[in-house]
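Chain by chain, the residues run as shown.
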Amino acid sequence: MAVTLAATREAYGKTLVELGKINKDIVVMDADLSVSTKTCMFAKEFPDRFFDMGVAEQDMISTAAGLAACGKIVFASTFAVFGSGRAWDQVRVSMAYTRLNVKLVVTHGGITTGEDGATHQANEDIAIMRAIPNMTVIVPADAVETVHVIRNLVKEYGPSYVRLSRLSSPIVYGDSNYDFRIGKGVIMKPGNDITIIAAGIMVYQSILASEQLSKEGISVRVVNMHTIKPLDRELIIRCAQETRAIVTAEEHSIIGGLGSAVAEVLAENMPVPMSRVGVKDMFGESGKPDDLLEKYGLTSKDIISAVKNVIKRK
Amino acid sequence: MITSEKIKELENKAKVIRRHIIEMISRCQSGHPGGSLSSADILTVLYFHKMKHDPKNPKWDERDRFVLSKGHAAPVLYATLAEAGYFPKSYLKTLRQIGSSLQGHVDMISLPGIEMSTGSLGQGFSAANGMALACRMDGKNNHIYVVIGDGESQEGQIWEAAMTAGHYKLDNLTVILDHNKYQIDGRVEEIKGIQPIADKWRAFRFNVIDGVNGHDIKSIIKALDDASKAKGKPTIIIAETIKGKGVSFMENNPLDFHGKAPTKEEVIKALEELI
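About the thresholds
- Residues numbered from 1 in each chain as written.
- Chains lettered and ligands numbered in written order.
- Predicted model: local features only at pLDDT ≥ 70, side-chain atom pairs only at ≥ 80, totals over all residues.
- Pairing = 2+ DSSP bridges.
- Helix = DSSP H or I, 4+ residues; strand = E, 2+ residues; numbered from the N terminus.
- Axes fitted to C-alpha atoms, helices over the stretch in contact; angles between N-to-C directions.
- Contact = placed C-beta atoms within 7 Å.
- Domains from an automatic or database assignment.
- Nonpolar A, V, L, I, M, F, W, Y, C, P; charged D, E, K, R; others polar.
- Buried ≥ 20, exposed ≤ 12 C-beta atoms within 10 Å, placed from the backbone.
- Right-handed = clockwise from strand over helix to strand, strands pointing away.

1. Some words on the sheet that holds strand 9 (residues 186–189) of chain A
All names here are of chain A. If you trace the five strands from one edge of the open sheet to the other, you get 9-11-10-13-14, paired in mixed fashion. If you trace the sheet from one side to the other, it starts and ends with strand 9 and strand 14 (274–279), each paired once. Neighbour-to-neighbour, the strand axes of the sheet open up by a mean angle of 25°, direction not taken into account. Summarising the sheet, strand 10 (residues 194–198) and strand 11 (residues 220–224) pair through five bridges and their orientation is parallel. Paired with Ile197 across the strands is Val223, a residue of strand 11. Helix 9 (residues 202–215) rests against strand 9, strand 10, strand 11 and strand 13 (246–253) of the sheet, and its axis sits at about 170° to strand 11.

2. Side note on the domain arrangement of chain A
Residues and elements named next belong to chain A. As assigned here, chain A comprises domain 1 (5–170) and domain 2 (186–312). With centres defined by C-alpha atoms, the gap from domain 1 to domain 2 works out at 25 Å. Across the boundary between the two partners, domain 1 contributes 25 residues, which contact 31 residues of domain 2. Elements with a contribution of two residues or more to the side of domain 1 that touches domain 2: helix 7 (125–130), strand 6 (136–138) and strand 8 (168–170). Along the lines of polarity and charge, the residues of the side of domain 1 that touches domain 2 split into 12 nonpolar, nine polar and four charged.

3. Points about the sheet that holds strand 1 (residues 65–68) of chain B
Residue and element names in this part refer to chain B. Reading across from one edge, 1-2-3-7-6 is the order of the five strands in this open sheet, with parallel pairing throughout. The open sheet has two free edges, formed respectively by strand 1 and strand 6 (207–213), since each of these has just one partner strand. Across the sheet, the axes of successive neighbouring strands diverge by a mean angle of 20°, strand direction being ignored.

4. What to know about the environment of Leu68 of chain B
All names here are of chain B. Positionally, Leu68 belongs in strand 1. Assessed through the 31 C-beta atoms surrounding it within 10 Å, Leu68 is described here as buried. Each C-alpha atom, one on Leu68 and one on Ile148, is 6.9 Å from the other, the two residues being 80 residues apart in sequence. Sequence-distant contacts of Leu68, that is, excluding residues within four places in its chain, are made with Ala73, Leu77, Val106, Thr118, Gly124 and Val147.

5. Quick notes on the environment of Ala79 of chain B
Mapping Ala79 of chain B onto the fold places it in helix 4 (residues 74–84). On the basis of neighbour count, Ala79 of chain B is assigned to the buried category, with 27 C-beta atoms found within 10 Å.

6. With respect to the pairing of strand 11 of chain A
All names here are of chain A. Among the five residues of strand 11, five are classified as buried, and the element is accordingly described as predominantly covered. With three bridges connecting them, strand 9 and strand 11 associate as antiparallel partners. Counted as the bridge partner of Ile187 is Val223 from strand 11. Following the backbone out of strand 10, through helix 9 and into the adjacent parallel strand 11, one traces a crossover that is right-handed.

Okay, structure coming up:
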């Protein structure tokens, strides 16, 4: 298939502007990264509803909570490492315990942050965000889905964490007119022998893997599990029942992220052979994103070998 | 002009609030009496004289808002809200009990009148800034008050929030520092000193009203009135207070009563002093 590339953060910036025109309650904040997170687009259009909090992520999240307590719909952005890690306690107490309407939308998630190295590669953010009660946690598969996510978040009250990428990534949705619902996984490709459950940029890698595997006679179902929390348990259980084997794929540590969440559901409901593709228990390093994906085991090749190993255990 | 009758009335109200604090904490044998007692007069003046609010309509859009950033002083806020009529005084008996709306640290979801959940220090101040920004955007003619502690002033977030309030010139915000000079581990100046505190706030672009006697109703009122008049800057009132104020043996041993409940005998003695 012809591959179109687009950056999820660009889609985010544009969607904020679109929504900001319609809804005057939308307020956007950033912590000195607005050019990178693309909230600068909103800032330019609506300077009175944009607050740059400087390099102070903790202050940003609690301030966002105060704005939300007065009825604002607040989008707060920074890099994934800082939004999830630096401000974790503020997300927990000011934003989630209070169930306030703050949307923490972060960019530069995962190892493809690249050259900035380990300090800036968030490989643990999904784990620590999904552990917090009341939080919705979403990793869109591409720029098309990002638009759906942001539009839906404005309609749905409550705290959430959305993880976007730095890079332009392949569009997996040729048609943007699909049934997107928070908390409902999407079957991207049908298949009977095994299901790959993926999120973010790994959805595309999973589709590539399934195409290669089908040439080898293995029928692979691919699920885009964009919402890590609340997790679509029903779909996971159905896939386990129907294909009897599961591989997860995520640009995140195998500890605590999508793979762990799926394993929890399987272990308690429908144990089947499974394997997690993701960053092993280690920090990343500086490098070109593609080289890092290769080195840290996050390519379609890695998914293919995981699939083959799991099928042997069926 | 405030009448001497009104002053007397407020002084009595503060005494009633202090009695609630002692009774609540002794009933559940857990909580923070020292820092609750030290801010009792400040909250009394705010809720029974200064603030525009309506206990019958806690979500009134035009209300002034109060955030207790030092969330461990929850008993003083609960006692004040109950006295103001936000909820029945009988609730006070349930402090820190399982299933109660009166959580160990204040929870905005479980109880009317709580504007922000606090307990992790520093966060309430930032949230108050957010409220001040929102109210200013909406053109509201109201004011945001936030009480912070001096131990809390060691938190980095206090200074991030101070920078925000100063930068955004939040003159609809008043911070009140309950300067009782003690934290759990000892005297603030011995643990990690915060002096010169007034200079710090000036450097952070605040209008500073310092040397205010935080237990003198008249002085508190004057400071709050001056704060309302300040334009183009947020104000901080540095209220000199005494940890455990109103109960002699707590005042004399503030370290024993930061986070410890009084014994039965101590409660009787304390309540005798608060008549």
